[in-house]
Amino acid sequence: MVMQPPSAINPDTGLPWNVKTDSPFGYVPTLWVCILFVALFSLTGLVHLYQSIRYRVKSWWIPTVVTCGLVEVLGWSGRIWGSQNVWSQNPYIMQIVCTIFGPSFMTAAFFIIFVRIIRIVGPEYSRLSPRIYSYLFVGTDVTALLIQSIGGAMAATANTPAGSATGAHVMVGGIILQMVAITVYALTSIEYFWRVYRERPLRAREQDVNISSRAASPNSLEKPVARGLENLTLNVRTMVLGLIIATVLVYIRSIYRTAELLDGWGGPVITNQLLFDLLDGVPVFLAMVTLNIFHPGRLIPNDGPENGVMA
């Protein structure tokens, strides 16, 4: 049952309370939809937790994708709370901050998966070493998350509409930085796989250089043969497909959240519940399910005990 407004008249406007203009949501969140998404994110998150243990990738899968599922559950729980107390700022801030933060953890997993693929297929096709890519992409993602956290804190503690707007703009800055990182990662991936398919390495494979230096004469001009396509196995290709699907879904969601926050707290985008459900909840959930199906622990497993991903 939706909580009644605190009084018959809004003291700020002198008019009766109106959900559309006086509630921070601008609407009453539909309870069954919120419960459905809590159940869906709980389910996919628990499956990811099991898979992280089953495939021995706990050290990096739990802090990324599993954490994304947990934060999304918290965000949609905030919307359940808001559906029963639509006049309160607390559930509104809880849901908007959590649903903005959640996918940032998952994008870190995208970057790590791409680096693992580079190591398997061949670092010689990559402009930068896997280690540098790890620090560059994951570091940018962490920075974007920190910026979003600062913006969320500013919006949550603001006492004026201007302060809330400033916090929203800071959060937008974090989302845009995340979109830039995803864009660069996507372009880097396209160039990398183009080089693999065209057999155009940027440098010789290290083991080929060692073999060549031992077998060839000092004056030999023999060039090591690139073998990227040989390493692009069915499992790796399947992982690449899953990564593409999940990345596109999160990118669509990021475009929506940027437009939502730039439109302002009371704008037509942020106060449209259907847009939020279809362009935030659905893409993030489908991205998580995609990674359940195309799981890196199954398709591109470690060669031995669980190890660090930044090495």
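Anything mentioned here points back to the structure above.
This structure is a prediction, so every number in the text was calculated from the model and none was measured. (Residues numbered from 1 in each chain as written. Predicted model: local features only at pLDDT ≥ 70, side-chain atom pairs only at ≥ 80, totals over all residues. Heavy atoms only, no water.)

A. Main features of the overall build of the chain. Of regular secondary structure, the chain possesses 11 helices and two strands. Mapped in sequence order, the helices and strands of the chain form the string β-β-α-α-α-α-α-α-α-α-α-α-α. Going through the 311 residues of the chain one by one, you find that 47% of them count as buried. Expressed as a percentage of contacts within the chain between residues at least 6 apart in sequence, the contacts between residues at least 24 apart total 78%. On the chain, roughly 14,800 Å² of surface is accessible, and the fraction owed to carbon and sulfur atoms is 68%. (Helix = DSSP H or I, 4+ residues; strand = E, 2+ residues; numbered from the N terminus. Buried < 20%, exposed > 50% of the residue type's maximum accessible area, 1.4 Å probe, protein only. Contact = heavy atoms within 4.5 Å. Areas by Shrake-Rupley, 256 points an atom, 1.4 Å probe, with all protein chains shown as cover.)

B. Up close: helix 3 (residues 58-84). When the terminal C-alpha atoms of helix 3 are compared, their 37 Å separation across 27 residues agrees well with the 39 Å that a helix rising 1.5 Å per residue should span. Maximal helix bending in helix 3 amounts to about 35 degrees, located at Thr67. (Expected span 1.5 Å × (residues − 1). Bend = angle between axes of the 7 residues up to and from the residue.)

C. View of the environment of Gly174. Among the structural elements, Gly174 can be located in helix 6 (residues 161-198). Sequence spacing of Gly174 and Gln148 is 26 residues, and the spatial spacing of their C-alpha atoms is 4.9 Å. When sequence neighbours within four positions are dropped, the list of residues in contact with Gly174 reads Ala144, Ile147 and Gln148.

D. Inspection of the pattern of salt bridges at higher detail. Under the definition given, this model contains five salt bridges. Notably, a salt bridge pairs Asp280 with Arg257, separated by 2.7 Å at the nearest N-O pair. One end of the pair, Asp280, is in helix 10 (residues 273-293); the other, Arg257, is in helix 9 (residues 234-262), and 23 residues separate them in sequence. Take Asp280 and Arg257: they sit in the same class, and that class is buried. (Salt bridge = Lys/Arg side-chain N within 4 Å of Asp/Glu carboxyl O.)

E. Broad picture of the environment of Ile270. Residue placement: Ile270 occurs in the loop between helix 9 and helix 10. In this structure Ile270 comes out as buried when scored by relative accessible area, which is 6%. Separated by 245 residues in sequence, Ile270 and Phe25 have C-alpha atoms that sit 7.9 Å apart. In this structure, Ile270 is in contact with Phe25, Tyr27, Tyr92, Ile96, Glu260, Leu261, Asp263, Gly264 and Trp265, ignoring residues within four places of it in sequence.

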